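Structural features, examined
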Number of protein chains: 2
Amino acid sequence: MLLCDIGNFSAKFYDNGKAYSMDFEKLNNLAFDKKVYFINVNKNFYPNSRKFINIESYFNFDTNYIGLGVDRIAGCYTIKDGVVVDAGSAITIDIMKDGMHLGGYIVPGISKLLKNYEDISPILKTYFNSQINLDKMPQKTSDAINYGIISPIILSIQNISKDKNLYFTGGDGSFFAKFFTNSIYDKNLIFRGMLKAIKEKELL
Amino acid sequence: MLLCDIGNFSAKFYDNGKAYSMDFEKLNNLAFDKKVYFINVNKNFYPNSRKFINIESYFNFDTNYIGLGVDRIAGCYTIKDGVVVDAGSAITIDIMKDGMHLGGYIVPGISKLLKNYEDISPILKTYFNSQINLDKMPQKTSDAINYGIISPIILSIQNISKDKNLYFTGGDGSFFAKFFTNSIYDKNLIFRGMLKAIKEKELL
């Protein structure tokens, strides 16, 4: 059994503890010999293999949020209490309490934000600096940009998490997790949620 | 005498209390009959009229920041103590203390951020909602995006301003000013800084 999480820019697979990414063209040119349980937030792509089984309907998720992405549902699905941060091309931040989803919000991811500055002015083109000191007011443009990307996101997560546990996942999840003491980074959080949903359906 | 603030997307003029915008093509096709004192952060545009006088060197500004944009210098130039927020295509946030610039940072502006979401996924295309309730966790995508744009910026300004006075300018300045009690919105803040620099040069 394979798991597959189809996003906006690529698909992630999970094969018995191992995770890897694949582009859409390769995915639809591969012959799959076992079942692939998948979720998909990409409206412009659908896997053409008959081995793919969409498990979106398997999630029994308690929320009042209208139109919550299935990747966010899967990311929250194993969390009873806490804040779930999936930091990828977008950063989604969701709150769980007693197994219920209380809502959440979305900020653009680091790489998208960096690109934004460059679009505003070529003077604002710079690179991501994971070592930026947030305790000091920036004294040059590259620091001003990195501070402007990272500091508001961290303050916003602090503001809603307070003493709650924080669960980070996604490509930039481990970077953000380091700013919080009460944080756990789990790169396979979404796959764990998918596994839980599949188990509940007694398919495992 | 005219003042002109040339930005990345248009030029703003100030004529004896009246301010107006102009696109670059029109600017370079107009015949100016009086002096235009200007600042320019746009590396791809330069006014071709001989009436234009670049006043960047007129500012006697105390900072350790390397490469601070002249528009930010002008915006801070009349402020002795406080935080200056210029909320346009980019949002610049600068701290002044005893007439010295202590540093600052840059976040993308509201319209640029909105465009970002759309680039990540067509599902995330939405409109700016100035009435978003920041005290409630969003329960739908359009709220999740508007919250994700506005809340981190406000928290970030709160975090550095604390009890300092806040001076807002720029197209979205009046919107942000409303979230703070200790705030002043001055749409002509940059022009006031330019006037101060010109006066100091005894050109008025």
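The rules behind each value
Residues numbered from 1 in each chain as written. Chains lettered and ligands numbered in written order. Predicted model: local features only at pLDDT ≥ 70, side-chain atom pairs only at ≥ 80, totals over all residues. Heavy atoms only, no water. Pairing = 2+ DSSP bridges. Helix = DSSP H or I, 4+ residues; strand = E, 2+ residues; numbered from the N terminus. Domains from an automatic or database assignment. Contact = heavy atoms within 4.5 Å. Buried area = accessible area lost by both parts, 1.4 Å probe. Salt bridge = Lys/Arg side-chain N within 4 Å of Asp/Glu carboxyl O. Polar contact = N/O pair within 3.5 Å; in protein donor to acceptor, adjacent residues only side chain to side chain. Nonpolar A, V, L, I, M, F, W, Y, C, P; charged D, E, K, R; others polar. Axes fitted to C-alpha atoms, helices over the stretch in contact; angles between N-to-C directions. Parallel < 35°, antiparallel > 145°, perpendicular 65-115°, else oblique. Left-handed = near helix turned anticlockwise from the far one by under 90°. Core = buried A, V, L, I, M, F, W, Y, C linked by side-chain atoms within 4.5 Å. Buried < 20%, exposed > 50% of the residue type's maximum accessible area, 1.4 Å probe, protein only. Phe/Tyr/Trp six-rings, centres within 6.5 Å; stacked < 30°, edge-to-face > 60°. Lys NZ or Arg CZ within 6 Å of the ring centre and 35° of its normal. Least-squares fit on C-alpha atoms with pLDDT ≥ 70 in both. Expected span 1.5 Å × (residues − 1). 1 Å grid on protein atoms, 1.4 Å probe; cavity = no way out; pocket = protein on both sides within 12 Å on 5 of 7 lines; lining within 4 Å. Points joined across faces, edges and corners; volume = space filled by probe spheres on them.

Residues and elements named next belong to chain A. Overall, mixed pairing links the six strands, which are arranged 6-9-8-7-10-11 in an open sheet. Of all strands in the sheet, those with a lone pairing partner are strand 6 (62-63) and strand 11 (183-185), marking the two edges. Sheet analysis places strand 7 (residues 82-87) next to strand 8 (residues 90-97), joined by six bridges and oriented antiparallel. What sits directly across from Val85, in strand 8, is Ile93.

We now examine the domain arrangement of chain A. Residue and element names in this part refer to chain A. For chain A, the domain assignment lists domain 1 (1-54) and domain 2 (72-204). Inter-centroid distance (C-alpha atoms) of domain 1 to domain 2 is 23 Å. Taken together, the 13 residues of domain 1 in the interface contact 11 residues of domain 2. With both chains or domains summed, domain 1 and domain 2 bury close to 980 Å², and 81% of this area falls on carbon and sulfur atoms. Of all residues in domain 1, Leu3, Tyr14 and Tyr37 give up the largest surface area on contact with domain 2, accounting jointly for 43% of the area buried on that side.

Moving on, we get to the pairing of strand 3 (residues 18-22) of chain A. Note that strand 2 (residues 11-15) of chain A and strand 3 of chain A share five bridges and pair antiparallel. Residue pairing in the sheet places A:Phe13 in a bridge with A:Tyr20 of strand 3 of chain A.

The extent of an interface is frequently quoted as the accessible surface area lost upon association of the parts. Facing the 43 residues of chain A at the interface are 43 residues of chain B. For the pair chain A and chain B, the summed buried area comes to about 3600 Å², and 65% of that belongs to carbon and sulfur atoms. It is A:Ile106, A:Ile120 and A:Gln139 in chain A that bury the most area against chain B; as a group they hold 18% of the surface buried on that side. The interface formed by chain A and chain B contains zero salt bridges. The interface formed by chain A and chain B includes 12 residue pairs in polar contact (both at pLDDT 80 or more). Secondary structure elements with two or more residues in the side of chain A that touches chain B: strand 8, strand 9 (100-108), helix 3 (110-120) and helix 4 (141-161) of chain A. Looking at the side of chain A that touches chain B, the element that brings in the most residues is helix 4 of chain A, giving 10 residues. A breakdown of the residues in the side of chain A that touches chain B according to their chemical character gives 25 nonpolar, 14 polar and four charged.

Our next topic: the packing of helix 3 (residues 110-120) of chain B against helix 4 (residues 141-161) of chain B. Pairs of packed helices are described in terms of their axes, by the angle between the two and the distance that separates them. Residue and element names in this part refer to chain B. At a minimum axis distance of 10 Å, the contact between helix 3 and helix 4 shows a crossing angle of 140 degrees. By the criterion of interaxial angle, the relationship of helix 3 to helix 4 is oblique. Relative to helix 4, the crossing made by helix 3 is right-handed. Contacts between helix 3 and helix 4 involve Ile110, Leu113, Leu114 and Tyr117 on the former and, on the latter, Ile145, Gly148, Ile149 and Ile153. Residues belonging to the contact of helix 3 with helix 4 are distributed by class as follows: seven nonpolar, one polar and no charged.

Membership of the largest hydrophobic core comes to 120 residues, with the highest contact counts inside it found for A:Phe59, A:Phe176, A:Met194, B:Phe59, B:Ile93, B:Phe176 and B:Met194. Setting aside anything within four residues of it in sequence, one finds A:Met194 in contact with A:Leu3, A:Cys4, A:Tyr37, A:Phe38, A:Ile39, A:Ile55, A:Phe59 and A:Ala74.

This paragraph deals with the side chain of A:Asn188. Within the secondary structure, A:Asn188 sits in the loop between strand 11 and helix 6 (189-200). Sequence-distant contacts of A:Asn188, that is, excluding residues within four places in its chain, are made with A:Tyr14, A:Gly17, A:Ala19 and A:Thr169.

The next point concerns the packing of aromatic side chains. For any pair of aromatic rings, the description consists of the separation of the ring centres together with the inter-plane angle of the planes. A full pass over the atoms with the stated rule returns 30 aromatic pairs over all chains. Ring geometry for A:Phe24 versus A:Phe45: centroids 4.5 Å apart, planes at 20 degrees, classification stacked. Within this pair, whereas A:Phe24 is found in helix 1 (residues 24-29), its partner A:Phe45 is found in the loop between strand 4 (36-40) and strand 5 (52-54), the two being separated by 21 residues in sequence. Ring geometry for A:Tyr105 and B:Tyr147: centres 4.6 Å apart, planes at 50 degrees, overall tilted. Within this pair, whereas A:Tyr105 is found in strand 9, its partner B:Tyr147 is found in helix 4, the two belonging to separate chains. An aromatic cluster of at least three residues, connected via ring pairs, comprises A:Phe13, A:Tyr20, A:Phe32, A:Phe38, A:Tyr46 and A:Phe52. Sitting above the plane of the A:Tyr77 ring, A:Lys196 keeps its charged end 4.6 Å from the centroid.

The transformation that overlays chain A on chain B combines an axial shift of 0.0 Å with a rotation of 180 degrees, and the residual RMSD is 0.0 Å. This pairing of chains is accounted for by a two-fold axis. Minimal C-alpha separation from the rotation axis in chain A is found for A:Pro152, amounting to 2.4 Å. Comparing interface residues between copies, 100% of those in chain A also sit at the interface in chain B, which points to an isologous, same-surface contact.

All names here are of chain B. Spanning 12 residues, helix 6 (residues 189-200) covers 17 Å between terminal C-alpha atoms, matching the ideal 16 Å at 1.5 Å per step. Among the residues of helix 6, Leu189, Ile190, Phe191, Gly193, Met194, Leu195, Ala197 and Ile198 are the ones counted as buried. Following helix 6 by one or two positions, Glu202 adopts a phi angle in the positive range, close to 55 degrees.

Attention shifts here to empty space enclosed by the protein. Remark: the empty space left among the atoms is shown by a probe the size of a water molecule rolled over them. For the structure on display, the rule yields three cavities of 30 Å³ or more. Here the largest cavity defines a volume of roughly 120 Å³. Around the largest cavity, the lining comprises 14 residues; the ones closest to its centre are A:Leu113, A:Pro152, A:Ile153, B:Leu113 and B:Pro152. Contributions of two or more residues to the lining of the largest cavity are made by strand 9 and helix 4 of chain A together with strand 9 (100-108) and helix 4 of chain B. Considered as a void within the structure, the second largest cavity measures approximately 40 Å³ in volume. For the second largest cavity, the full set of lining residues is A:Asp71, A:Arg72, A:Gly75, A:Cys76, A:Val84, A:Asp86, A:Thr92, A:Asp94, A:Thr169 and A:Ile190. Secondary-structure elements contributing two or more residues to the lining of the second largest cavity are helix 2 (70-76), strand 7 and strand 8 of chain A. Among the elements that line the lining of the second largest cavity, the one with the most residues is helix 2 of chain A, at four residues. By residue class, the composition of the lining of the second largest cavity is three nonpolar, three polar and four charged.

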